Amino acid sequence: MRVSVFGLGYVGCVSAACLAGQGHEVVGVDVNRVKVDLVNAGKAPVVEERIGELTAEVVRAGSLRATTDVREAIKGSEVSLVCVGTPSEPNGSLCTTYLERVTEQIGAAVAERGGRQTVVFRSTMLPGTCLNLLVPILEKQSGGTAGVDFGVAVNPEFLREGTSVRDFFDPPKTVIGELDPASGDVVAALYEGLPGEVFRVPIPTAEAIKYADNAFHGLKIGFANELGAVYQALGVDAHQVMDVFLADRKLNISSAYLRPGFAFGGSCLPKDLRSLVHAAQRADVSVPILAHVLPSNTEHLRRAVELVERTGKRRVGLFGLSFKPGTDDLRESPLVELAERLYGKGYDLRIYDANVKLSQLMGANREYIETRLPHLAQLLADSVGEVLDHAEVCVVGTRDPAVLSALPQGGGAALIDLIHLPDADARRAEPGYTGLAW
């Protein structure tokens, strides 16, 4: 394919050279004449493993050149990759100045050239940037309609500085946010033959994925560093701890717990987090990440209460009470906390949980519920139907098959989903359905 790459920084330079190495005919575009001259001389404008040799090779073969002329680049290509920077503004917001400028130039050049051009944004940008900001610019400057007269896609990069050439040819995944299937097909063809799973998703999803990745990477580093600091203060070998931690591929290094849902609870997580943070404080070690996990959990619980309040209805049915499926353990259950808050706010509440029978609760479990929700006996219902008959608002916090099969379809009572129901995607179109975090 004939490809133009806008921006010859790390991402653009590596993308251009690697695409040329795959056999595509690539022209790099940059406002910086020094970068352009370096590329045309077969030299990479960035320091990076293997990029120097690869750039020299593809320039010598005639498959990569560079220019400052946007019109020339568009005229000589059918797909354009936008790799310009999106730095932070002083207040932390995303700077889109360079994106907007190059998008205007590409749109104007497309208007002169004619024919279908596919514009692919590789720059990191927040969800909504492409459709709400960049597509209107392209349409205005080109005089055409996105998805009809030109293609648009978002293709985030997952290149680590220092190993970016290796990462390009062996990516963890390829993400294609497509405005229309034809646009996605063009991007998929660019990377044909590369390993890794390919995800073709809506454009906002593609924009969001890069932020999810980087936020998690930062969280992992901060988590490990905070634990290291605490364990050093307690005289424990943190690397030895993490060796064992990382060996757990079932819960720790896995997909476990990494789906948006309701708050966590139970007899272990809240208690142990409090103890660890307290130990850090006693050792005079600051742990802002660990110290804010429980407040973050409480904030998620507050969101659920707020969703009920927004309905403006007073009769509430809550499905689920124990802290996780298959148990009657109510200790520090977020559903008990939710019930307590709703009852305290005067809601007419009915609760169904097949595993919770008041007469069978004992020990610390019974003591906990008598302290937190002493009116449980008058709130518990014997059947799903009893709660459904009562409720104007159904709050679903369980995956009990008897509950899921009985939930009304197509509207009726407001439905607040705390667990991401199996048919959540279909229910989104229903009036009254609200997902807690989706």
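In case you missed it, the structure is sitting above this.
Cut-offs applied
Residues numbered from 1 in each chain as written. Predicted model: local features only at pLDDT ≥ 70, side-chain atom pairs only at ≥ 80, totals over all residues. Heavy atoms only, no water. 1 Å grid on protein atoms, 1.4 Å probe; cavity = no way out; pocket = protein on both sides within 12 Å on 5 of 7 lines; lining within 4 Å. Points joined across faces, edges and corners; volume = space filled by probe spheres on them. Helix = DSSP H or I, 4+ residues; strand = E, 2+ residues; numbered from the N terminus. Nonpolar A, V, L, I, M, F, W, Y, C, P; charged D, E, K, R; others polar. Pairing = 2+ DSSP bridges. Axes fitted to C-alpha atoms, helices over the stretch in contact; angles between N-to-C directions. Contact = heavy atoms within 4.5 Å. Salt bridge = Lys/Arg side-chain N within 4 Å of Asp/Glu carboxyl O. Buried < 20%, exposed > 50% of the residue type's maximum accessible area, 1.4 Å probe, protein only. Phe/Tyr/Trp six-rings, centres within 6.5 Å; stacked < 30°, edge-to-face > 60°. Lys NZ or Arg CZ within 6 Å of the ring centre and 35° of its normal. Arc of directions from axis to C-beta. Right-handed = clockwise from strand over helix to strand, strands pointing away. Lys, Arg positive; Asp, Glu negative; His and termini not counted. Polar contact = N/O pair within 3.5 Å; in protein donor to acceptor, adjacent residues only side chain to side chain.

Draft legend 1. Examining empty space enclosed by the protein more closely. The full count for this structure, using the stated rule, is four cavities of 30 Å³ or more. Here the largest cavity defines a volume of roughly 120 Å³. Along its surface, the largest cavity is lined by 13 residues, and R122, F158, P171, K173 and T174 are the ones closest to its centre. If one sorts the elements of the lining of the largest cavity by residue count, strand β7 (residues 173–178) sits on top with three residues. For the lining of the largest cavity, the residue count by class is eight nonpolar, two polar and three charged. By volume, the second largest cavity amounts to about 50 Å³. The dominant element in the lining of the second largest cavity, judged by the number of residues it contributes, is helix α9 (residues 203–233), at three residues. Along the lines of polarity and charge, the residues of the lining of the second largest cavity split into five nonpolar, three polar and three charged.

Draft legend 2. A look at the sheet that holds strand β10 (residues 348–352). In spatial order, the strands read β10-β9-β11-β12-β13; together these five strands make up an open sheet with parallel pairing. Only two strands of the sheet have a single partner each, and these edge strands are β10 and β13 (433–435). The average undirected angle you get between the axes of adjacent strands in this sheet is 20 degrees. Pairing analysis gives three bridges linking strand β12 (residues 414–417) to β13, with the strands arranged parallel. Across the sheet, I416 pairs through a bridge with T434, a residue of β13. Its contacts with the sheet place helix α13 (residues 293–311) against β9 (315–319), β11 (393–396), β12 and β13, and it is angled at close to 170 degrees to β12. The sheet contacts of helix α14 (residues 334–344) involve β9, β10 and β11, and relative to β9 the element is tilted by about 170 degrees.

Draft legend 3. Main features of the pattern of salt bridges. Within this structure, the stated rule accounts for 22 salt bridges. Between R65 and E72 there is a salt bridge whose closest N-O contact spans 2.7 Å. Looking at E72, the relative accessible area reads 33%, which means it is partly exposed. Put simply, E299, R302, E306 and R310 are held in one network by salt bridges that share partners.

Draft legend 4. Quick look at the packing of aromatic side chains. Under the definition given, this model contains three aromatic pairs. With 5.9 Å between their ring centres and 45 degrees between their planes, F223 and F245 make a pair best called tilted. Taken together, the residues F223 in helix α9 and F245 in helix α10 (residues 238–247) connect sequence positions 22 residues apart. A residue is classified by how much of its surface remains accessible, and F223, at 26% relative accessible area, is partly exposed. Members of the aromatic cluster, each reached through a chain of ring pairs, are F168, F169 and Y191. In this structure, K173 packs its charged tip against the face of F158, placed 4.2 Å from the ring centre. The positively charged end of R314 is found above the aromatic ring belonging to Y347, 3.9 Å away from the centroid.

Draft legend 5. Region of interest: helix α8 (residues 181–190). All of the buried residues along α8 are S183, G184, V186, V187 and L190. Along the axis of α8, the buried positions cluster into a sector of 155 degrees, meaning they face one direction only.

Draft legend 6. Up close: the pairing of strand β1 (residues 2–6). The element β1 is extensively covered by neighbouring structure, given that four of its five residues are classed as buried. As defined by bridge partners, β1 adjoins strand β2 (residues 25–29) across five bridges and the pair is classed as parallel. Bridge assignment links F6 to a residue of β2, and that residue is V29. Crossover connection from β1 via helix α1 (residues 10–21) to parallel β2: handedness right-handed. In terms of strand pairing, β1 meets strand β4 (residues 79–82) through four bridges, oriented parallel.

Draft legend 7. Fine view of the side chain of E48. Structurally, E48 is set in the loop between α2 (33–40) and α3 (51–60). No salt bridge forms around the buried E48; measuring N to O, its nearest opposite-charge neighbour R166 is 7.7 Å away. Polar contacts involving the side chain of E48 include one to the main-chain amide nitrogen of T163, which spans 3.1 Å. There is a polar contact of 2.6 Å between the side chain of E48 and the side chain of S164. In contact with E48, not counting residues within four places along its chain, are Y10, R160, E161, G162, T163, S164 and V165.

Draft legend 8. Seen up close, the layout of surface pockets. Of the voids in this model, the second largest pocket is the one considered here, and its volume is about 610 Å³. Those elements that place two or more of their residues in the lining of the second largest pocket are α1 and α5 (97–113). Per element, the largest residue contribution to the lining of the second largest pocket is four residues, and it comes from α5. Residue composition of the lining of the second largest pocket, by class: twelve nonpolar, nine polar and seven charged.

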